[in-house]
Amino acid sequence: MHLSALTLKTTGFAQRVRAAASAGYAGIGLGAADYLSARRSGIAEDDIRGYLTRAGLEVVELEFLRDWWTEADVRGTRLEEDILLHLADLTGAQQINVGLFDVVPDDVVRRGFERLCTRAARHGLRIGVEFMPYAELRTLAAARALVEDVGAPNSGLILDAWHWHRSGGSLEEVAAVAEDGLVVSVQLCDALPEPLADLREEGRHHRQLPGTGAVDLQAWLEALAPALEGSSARPAATVATEVLSDAVVADGAGEACRLTFDAGRRVLEAFADRRDALDR
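1. Considering the packing of helix 6 (residues 140-150) against helix 8 (residues 171-179)
Reasoning step 1: Running from N to C, helix 6 and helix 8 cross one another at 20°; their axes reach a closest spacing of 11 Å. In terms of axis orientation, helix 6 runs roughly parallel to helix 8. Seen along the crossing, helix 6 lies across helix 8 with a hand that is left-handed. Counted together, Leu140, Ala141 and Arg144 of helix 6 and Glu173, Val174, Ala176 and Val177 of helix 8 form the full contact between these two elements.
Reasoning step 2: Of the residues that constitute the contact of helix 6 with helix 8, the class distribution is five nonpolar, no polar and two charged.

Listed below in structure tokens is the structure:
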């Protein structure tokens, strides 16, 4: 289990690494701002990976890329994309996460996504597509359609519990994408009993710790079981906690990591116990 980049989105690189390692995480997600934070704090480029290794952490994913569908600037630069690819080369990250927030013609989206997947493949990376109920790519069905339409072998779907729950998704569609080998990442979090009027506000500031909210995470994980187990053709999906919550981070990065790690571990242990019981 790893700590997503956005759970501690305002915490500097060094503090985030120390907090995640102390809580027991095996991995971490990072963003372009974390690369800049590491450099500003005096960590040399060629020691960023060593800093993480000494803490016992691997970099699992990088995020969040929003403008992948746009044209490069006149210098051929795609600033955040270029930084994330550079950071992937430095750290050995496995994946870049993307979403779509802008109204864009289908052919532009398809062409941009195909270009990104091709470029990512040169760096040994896969591209994870995340849908969000307040974005333009707002449902699992829409995200699946994009991934299948382009057909890039290094692309797949991110299943976030809060986004899925608030988008009105069904367990049947979760099970279908898991069975079809399309899921590359799973993000654990939970939701308030009733949605806030502003879903963007809720999703970015008021998620609940896994296992403490309205999402039936055990049923959701059961539907995702084929993805979590993996196969000879597809590695197991990675698992992160992604709890964007002002309340959770109120007492600092260390406490936030402890709370999210312990809650995620309890949910996963309960799921494993349930699977063991069914197998007996």
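2. Here we look at the packing of aromatic side chains
Here the distance between the centres and the angle between the planes together describe a pair of aromatic rings.
Reasoning step 1: As enumerated under the stated definition, the model contains seven aromatic pairs in all.
Reasoning step 2: Arranged with centres 5.1 Å apart and planes meeting at 75°, the rings of Tyr25 and Phe261 form a pair that is edge-to-face. A residue pair is termed long-range when its members are at least 10 positions apart, and Tyr25 in the loop between helix 1 (13-23) and strand 2 (27-30) and Phe261 in helix 13 (residues 253-279) qualify at 236 residues. No difference in accessibility class separates Tyr25 from Phe261, as the two residues are buried.
Reasoning step 3: Aromatic pair Tyr134 and Trp162: ring centres 6.2 Å apart, planes at 50°, arrangement tilted. Residue Tyr134 is located in the loop between strand 5 (126-130) and helix 6, and its partner Trp162 is located in helix 7 (residues 161-166); the two are separated by 28 residues in the primary sequence.
Reasoning step 4: With a relative accessible area of 13%, Tyr134 lands in the buried category.

3. Examining helix 4 (residues 79-91)
Reasoning step 1: Compared with an ideal rise of 1.5 Å per residue, which puts 13 residues at 18 Å, helix 4 spans 18 Å between its outermost C-alpha atoms and is within 8% of the ideal.
Reasoning step 2: Those residues of helix 4 that fall on the buried side of the exposure criterion are Glu81, Ile83, Leu84, Leu85, Leu87, Ala88, Leu90 and Thr91.
Reasoning step 3: Residues of helix 4 that are buried make contact with strand 2, helix 2 (32-40), helix 3 (48-54), strand 3 (58-65), strand 4 (95-98) and helix 5 (106-122).

4. Some thoughts on a negative patch on the surface
Reasoning step 1: Negative charge collects at one region of the surface, where Glu269, Asp273, Asp276 and Asp279 lie side by side.
Reasoning step 2: Within the secondary structure, Asp273 is located in helix 13.
Reasoning step 3: Asp273 sits in the exposed class, given a relative accessible area of 51%.

5. With respect to the side chain of Thr241
Reasoning step 1: With respect to the element layout, Thr241 can be found in strand 8 (residues 238-241).
Reasoning step 2: Among residues more than four places away in sequence, those in contact with Thr241 are Met1, His2, Leu3, Ser4, Thr7, Tyr25, Leu188, Thr260 and Gly264.

6. Concerning the sheet that holds strand 6 (residues 155-160)
Reasoning step 1: Ordered in space as 1-2-3-4-5-6-7-8, the eight strands form a closed barrel in which the pairing is parallel.
Reasoning step 2: The pairing of strand 3 with strand 4 spans three bridges and is classified as parallel. In the strand pairing of strand 4, Glu61 is matched with Gln95.
Reasoning step 3: Where helix 6 meets the sheet, it contacts strand 5 and strand 6, and its direction lies at approximately 165° from that of strand 6.

7. Some details on the nonpolar core
Reasoning step 1: Formed by 89 residues in total, the largest nonpolar core has its most connected members in Leu159 and Trp220.
Reasoning step 2: In terms of residue count, the dominant contributor to this core is helix 13 (seven residues).
Reasoning step 3: In this structure Trp220 touches Leu159, Asp160, Ala161, Trp164, Leu171, Val174, Val186, Gln187 and Leu188, once residues within four positions along its chain are discounted.

8. Some points on the pattern of salt bridges
Reasoning step 1: What the rule picks out here adds up to 19 salt bridges.
Reasoning step 2: A salt bridge links Glu81 to Arg119, with the nearest nitrogen and oxygen atoms 2.7 Å apart. Linking Glu81 in helix 4 with Arg119 in helix 5, this pair joins segments that are 38 residues apart in sequence.
Reasoning step 3: Using a relative accessible area of 2% as the deciding quantity, one classes Glu81 as buried.
Reasoning step 4: Overall, the relative accessible area of 23% leaves Arg119 in the partly exposed class.
Reasoning step 5: Between Glu114 and Arg110 there is a salt bridge; the shortest N-O distance is 3.4 Å. In this pair, Glu114 and Arg110 are both assigned in helix 5, four residues apart and thus about one turn of the helix distant.
Reasoning step 6: By relative accessible area, which is 37% here, Glu114 ends up partly exposed.
Reasoning step 7: You can call Arg110 partly exposed: its relative accessible area is 29%.

Rules behind the numbers
- Residues numbered from 1 in each chain as written.
- Predicted model: local features only at pLDDT ≥ 70, side-chain atom pairs only at ≥ 80, totals over all residues.
- Heavy atoms only, no water.
- Axes fitted to C-alpha atoms, helices over the stretch in contact; angles between N-to-C directions.
- Helix = DSSP H or I, 4+ residues; strand = E, 2+ residues; numbered from the N terminus.
- Parallel < 35°, antiparallel > 145°, perpendicular 65-115°, else oblique.
- Left-handed = near helix turned anticlockwise from the far one by under 90°.
- Contact = heavy atoms within 4.5 Å.
- Nonpolar A, V, L, I, M, F, W, Y, C, P; charged D, E, K, R; others polar.
- Phe/Tyr/Trp six-rings, centres within 6.5 Å; stacked < 30°, edge-to-face > 60°.
- Buried < 20%, exposed > 50% of the residue type's maximum accessible area, 1.4 Å probe, protein only.
- Expected span 1.5 Å × (residues − 1).
- Patch = residues over 30% accessible without salt bridge, like charges linked within 9 Å, V, L, I, M, F, W, Y side chains within 5 Å.
- Areas by Shrake-Rupley, 256 points an atom, 1.4 Å probe, with all protein chains shown as cover.
- Salt bridge = Lys/Arg side-chain N within 4 Å of Asp/Glu carboxyl O.
- Lys, Arg positive; Asp, Glu negative; His and termini not counted.
- Charge placed at Lys NZ, Arg CZ, Asp CG, Glu CD.
- Pairing = 2+ DSSP bridges.
- Core = buried A, V, L, I, M, F, W, Y, C linked by side-chain atoms within 4.5 Å.

Without other data, these values stay purely geometric and don't point to any function.
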